[in-house]
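Close look at the chain arrangement
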Amino acid sequence: MVSSLSLPNRVWFAMIAIALGLMISYPLSAQDAGTPASEEAPMAEAGEPKAEEAAAEEGAAEEEAAEEPLTAEVLMGDVDALWTCLAAFLVFFMQAGFALVEAGFTRAKNACNIIMKNLMDFSIGSLSFWMVGFGLMFGTTNGFLGTDQFFFDGGSEAATAINSNVGFNWAFLIFQTVFCATAATIVSGAMAERTKFSAYLVYSVLITVIVYPIFGSWCWGGLYKADGMDIGWLEGMETGFYDFAGSTVVHSIGGWAALAGAITIGPRIGKYTADGKVKPIPGHSLPLGALGVFILWLGWFGFNPGSTTAVGGGSFAYIAVTTNLAAAAGVVGAMVTSWIMFSKPDTSFTLNGALAGLVSITAGCDALSPTWAAVAGLIGGVIVVLSCVMFDKLKIDDPVGAVSVHGVCGAWGTLAVGLFMTDGGLVTTGGTAQLISQIIGVAVGFVWAFGVSFVIFNVIKFTMGLRVSAEEEMAGLDIHEHGMYAYPAHLVSEGTQPAGHVAS
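Please read all numbers here as calculations on a predicted model, not as lab measurements. Positions within a chain are numbered from 1, following the residues in the order the chain's sequence is written. Confidence filtering applies because this is a predicted model: local features only for residues at pLDDT of at least 70, side-chain atom pairs given and counted only at 80 or more, and all residues used for totals across whole chains, interfaces and linings. As a convention, hydrogens and water are excluded, and side-chain values are obtained from all of the structure's heavy atoms.

**Quick look at the packing of aromatic side chains**
- The aromatic pairing rule takes the rings of Phe, Tyr and Trp, using the six-membered ring of Trp, and pairs them if the centres are within 6.5 Å, calling planes under 30 degrees apart stacked, those over 60 edge-to-face and the rest tilted. Across all of its chains, the model carries 27 aromatic pairs by this definition.
- With 5.1 Å between their ring centres and 85° between their planes, Trp 256 and Phe 446 make a pair best called edge-to-face. One end of the pair, Trp 256, is in helix H9 (residues 247–265); the other, Phe 446, is in helix H16 (residues 433–461), with 190 residues separating them in the sequence.
- In this structure Trp 256 comes out as buried when scored by relative accessible area, which is 10%. Starting at the N terminus, helices and strands are each numbered in turn, a helix being any DSSP run of H or I of at least four residues and a strand any DSSP run of E of at least two. Burial classes follow relative accessibility: with a 1.4 Å probe on protein chains only, a residue under 20% of its type's maximum area counts as buried, one over 50% as exposed, and anything between as partly exposed.

**What about the pattern of salt bridges?**
- By definition, a salt bridge exists where a carboxyl oxygen of Asp or Glu is found within 4 Å of a side-chain nitrogen of Lys or Arg. A full pass over the atoms with the stated rule returns five salt bridges.
- With a closest N to O distance of 3.1 Å, Arg 107 and Glu 193 form a salt bridge. In this pair, Arg 107 is assigned in the loop between helix H4 (72–104) and helix H5 (111–138) and Glu 193 in the loop between helix H7 (166–190) and helix H8 (197–220), connecting sequence segments 86 residues apart. This pair shows no difference in class: Arg 107 is buried, exactly as Glu 193 is.
- The closest approach of N and O atoms between Asp 397 and Arg 268, which form a salt bridge, is 2.7 Å. With Asp 397 in the loop between helix H13 (370–393) and helix H14 (402–420) and Arg 268 in the loop between H9 and helix H10 (286–303), this residue pair connects regions lying 129 residues apart in the sequence.
- Note on Asp 397: relative accessible area 0%, which makes it buried.
- On the basis of relative accessibility, which here comes to 3%, the residue Arg 268 falls in the buried class.
- Residues joined by salt bridges that share partners form a network here, namely Arg 107, Glu 193, Arg 268 and Asp 397.

Next up, the structure:
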């Protein structure tokens, strides 16, 4: 009958039914509530079940009383854990953004391979960081690497001795895990279209258990410590190295590892002519790349504001503003620069300008004023265009501009803290101490990430092999590495590609 009624009548029918239900249930509940104790007494005397029930209720009440009271401090800790988890989920969504940017800025015949690499570096990174990386980064340290908290258990005695809020311990783990995966996936884009899938799996493990967490322990080792005494050597300098959300710790480390990989593996076939000229190799889908950039922009609202790991006094709304302003200014900077250099406002460069602005503000998102945040992002947008052109002239083939966006702009964003921070910046207050610490941190990050990664890639190259054969590269990694195409085979073979400079 109900299914034959029109939509408005169905709504009225439902409302009447709910009202009738309430009218019927209310007298019954009122009657139960008003039953005199004298009427229940005979029932209790009549048998044991009532006595057992009362005993059980009394035991439950004692148990509840023994539990920690829901104080404002406990409640705030739970709220902080919730915010940290939600921010981690946003950062995880960035993995989809990276996959789309890399797939869109490379050729159709390699799209499956790009997807698989982004899927696997997160999966492998999650496991290896939980088993080893978290302990190296946040365990008890001598200033250089952690020595415990491996196979991290947030409810363990060792973990609760540092932070008694078990919920926050787990939240901190998942938040740091997605950061680690971000550093690992940066490498994928710079080495796209010619890397063996098996080799990629090996170096993803090594980056997430050696390169990223050890440097991270030097800069962020004290984040998880309640007393702040057990910290890494860079953050422990007299004027501590400052990188709030990871312009260097995450992005430059990933970018310099990507640079080592791109140099070791060499350029794609046909990228440079015999006389040294650059031959563009356009990506197959700028719309996919653009969607990826917008997803990354959204995810950054978890990346930067989420690094507060707190709601109360966390200033995450302020950080969201500086993050957005820098991204928008980066877009403008890249667009204007590409317009001047190429006589047209280049879409792919402009998209990468957004990412450049975001990376440029990540270190100082809580320490720069909105004005200086926009300036930092604007300069980052200019830098990314110039950097991509420079690496092309050096014949270092980076299909998506990963080294420029993350490595170079990450270094710039870290230095921008020493220049523009409200309290202690060279430009804003005339202070030099913070800038010197930032320069040291950037230099150490480059030497560590590039040097160790260069060794890793060359060991892989001369053992299991790093690069696919020329025949496999020409045919595409999808069919040779994975036995399938992302698109119908005839569309891949036709090779119809849109233009774009970043994917050149």
